[in-house]
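Understanding the architecture of this molecule
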Amino acid sequence: MKLTPQQIAHFRTEGYLFLPELFTAEEVAVMRTEAEAIYAQHRPEIWREKSGAPRTAFAAHKYNEAFRLLAAHPRMIEPVEQLLEDRLYMHQFKINAKSAFTGDVWQWHQDYGTWARDDGMPEARAMNIAVFLDEVMPINGPLMLVPRSHTGGTLDARHDLETTSYPLWTLDEATVTRLVEQGGIATPTGKPGGLLMFHGNLVHGSAGNITPYPRKIVYLTLNAVSNYIRTPTRAEFIAHTDFTPIETVPDDALAQFARSYRAAAE
Ligand code: SIN
Ligand code: MN
């Protein structure tokens, strides 16, 4: 799958591109079921909120077949190869739960701030991808983006170790206010299967979820192979150090897996 010149221009100017319903209901259903099964497990890759609810499950593409197929899917890999003009490897893979009633906030931040400071990534040439597993609504803690905020480089940030269970390099209120005055706030919402790509320097965050509707989103970071991380400090399951270029699977691989999965369950 290739992006149009208009889509590429939108990404470069605004810092993000939303492709609604890129994955089918059948493809998403199997990933949603598997995500729930993963959250029920106890393993070091699964981090919990202070309340005990699941917050994020790292590296599921390494031990789960549905997510292995997603991580190499041509509908995602090909457009990102096009934008970054390189082969790609998986820098990070996580399934964020934003659980019903208890899903906690993600403070305002830029991801490249963390990749540079904690992982030694040379440039912001890695793409963030969000794949919606549940419907993302204005009310259940959607991702909020500050359009055009990717153009100002890496901003000063503070390492916040207190607010949530997840350490994050966060931006101060004055910086966020200034950027929002310039670019506003965008909240792509929609059905399961939507795919959002956004620049590593795009400022983003999300509020807590007090609704009965969970908001599971898979976040993947695809890094250009030539931009591999130089000084990793985080666990391998958080910031991967296998820089082998991703070979895509056939376009129908996830759908075929969903069919055999359903047949086995019947
Ligand atoms: C993130 O920025 O890494 C996650 C944000 C979210 O899940 O809302
Ligand atoms: Mn982020």
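Residues numbered from 1 in each chain as written. Chains lettered and ligands numbered in written order. Predicted model: local features only at pLDDT ≥ 70, side-chain atom pairs only at ≥ 80, totals over all residues. Heavy atoms only, no water.

**Here we look at the environment of Asp252**
Cut-off, in case you're wondering: Where helices and strands are cited, they refer to DSSP runs of H or I of at least four residues and of E of at least two residues respectively, numbered from the N terminus. Each residue's exposure class comes from its accessible area (1.4 Å probe, protein chains only) as a fraction of the maximum for that residue type: buried when under 20%, exposed when over 50%, partly exposed otherwise.
Relative to the helices and strands, Asp252 is located in the loop between β12 (217-224) and α7 (253-265). Since its relative accessible area comes to 38%, Asp252 is described here as partly exposed. With 38 residues separating them along the chain, Asp252 and Pro214 place their C-alpha atoms 27 Å apart.

**As for α7**
Here is the rule we go by: The length a helix should cover is 1.5 Å for every residue beyond the first. Any two residues whose heavy atoms approach within 4.5 Å are treated as being in contact.
For α7, spanning 13 residues, the distance from its first C-alpha to its last is 18 Å, which sits close to the expected 18 Å at 1.5 Å a residue. For α7, the elements touching its buried residues are α2 (25-39) and α3 (65-71).

**Comments concerning the environment of Gln107**
Summarising the element assignment, Gln107 is placed in strand β5 (residues 106-109). Separated by 57 residues in sequence, Gln107 and Thr164 place their C-alpha atoms 8.8 Å apart.

**Concerning the sheet that holds strand β4 (residues 88-96)**
Test applied: A pair of strands is considered paired only if DSSP assigns at least 2 bridges between the two. To obtain an axis, a line is fitted to C-alpha atoms, over the contacting stretch when the element is a helix, and the angle between two such axes runs from 0 to 180 degrees between their N-to-C directions.
Taken in spatial order, the 7 strands line up as β1-β10-β6-β12-β4-β3-β2 in an open sheet, and their pairing is antiparallel. Of all the strands in the sheet, just β1 (16-19) and β2 (46-48) have a single pairing partner and so form its edges. Geometrically, the sheet is characterised by an average inter-axis angle of 20° between neighbouring strands, direction not taken into account. By the bridge criterion, 4 bridges tie β1 to strand β10 (residues 195-199) in an arrangement that is antiparallel. Of the residues in β10, the one forming a bridge with Phe18 is Leu196. Where α2 meets the sheet, its contacts fall on β2, β3 (54-58), β4 and β6 (126-132), and the angle it forms with β4 comes to roughly 70°.

Any functional reading would require information that these geometric values do not contain.
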